[in-house]
Amino acid sequence: TGRAFPCLHHTTAAIYGLGVAPAALADHLGNMVIVSKVASSRWMEDLLRPVCSAMGCIAGLAMKPLTGAQVKQVCIKHTLSQAFSIGSAILLARSTHEDPVEVAARAGGGETVCSGKVIDVHRFTSAGFAPGE
């Protein structure tokens, strides 16, 4: 989907119109919210993001299961294999004292275009998102 935590209407299943309900959201304290029906994936996002915020932004979400045929329709092929390959390359680079950023770029078919050091990050939550500065 392109983001670590995409909006629900940005997921490939929603984009392909497969729906997102039923869904269950739960936190580490055992709080649960179940949505059995919803008008759209956008509505699901608008309903559950504030609940997730109330849960301290620490929650797990399970959505409508997909059939094998549906997964084949909506999956972005080779992304899990690519993630595994890049992760393995980074682990090997760390164990051999190579630059993990350079190795990850090569493993993903990319290149490093700049480098630097982050010296400060201002994190905050706004409307259930953590944009930072």
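Residues numbered from 1 in each chain as written. Predicted model: local features only at pLDDT ≥ 70, side-chain atom pairs only at ≥ 80, totals over all residues. Heavy atoms only, no water.

### Brief notes about helix α5 (residues 100-107)
- Listed as buried for α5 are Val 103, Ala 104 and Ala 105.
- For α5, the elements touching its buried residues are α4 (79-95).
- Where α5 begins, one side-chain oxygen reaches toward the backbone nitrogen of Val 101, 3.0 Å away; that side chain belongs to Asp 99.
- One or two residues past the end of α5 sits Gly 109, with phi positive at roughly 75 degrees. (Buried < 20%, exposed > 50% of the residue type's maximum accessible area, 1.4 Å probe, protein only. Helix = DSSP H or I, 4+ residues; strand = E, 2+ residues; numbered from the N terminus. Contact = heavy atoms within 4.5 Å. Polar contact = N/O pair within 3.5 Å; in protein donor to acceptor, adjacent residues only side chain to side chain.)

### Describing the nonpolar core
- Of all hydrophobic cores here, the largest spans nine residues; its members are Leu 8, Ala 14, Val 20, Ala 23, Leu 25, Val 35, Met 44, Leu 48 and Met 55.
- Every element with two or more residues in this core is listed here: β1 (23-27) and α2 (41-54).
- Discounting chain neighbours no more than four positions away, the residues touching Leu 48 are Leu 25, Val 33, Val 35 and Leu 61. (Core = buried A, V, L, I, M, F, W, Y, C linked by side-chain atoms within 4.5 Å.)

### Section: the environment of Asp 27
- Residue position: Asp 27 is located in strand β1.
- Taking the C-alpha atoms as reference, Asp 27 lies 8.7 Å from Gly 56; in sequence the two are 29 residues apart.
- The residues contacting Asp 27, other than those within four sequence positions of it, are Met 55, Ile 58 and Ala 59.
- Here the side chain of Asp 27 touches Gly 30 through a polar contact of 3.1 Å, landing on its backbone nitrogen.

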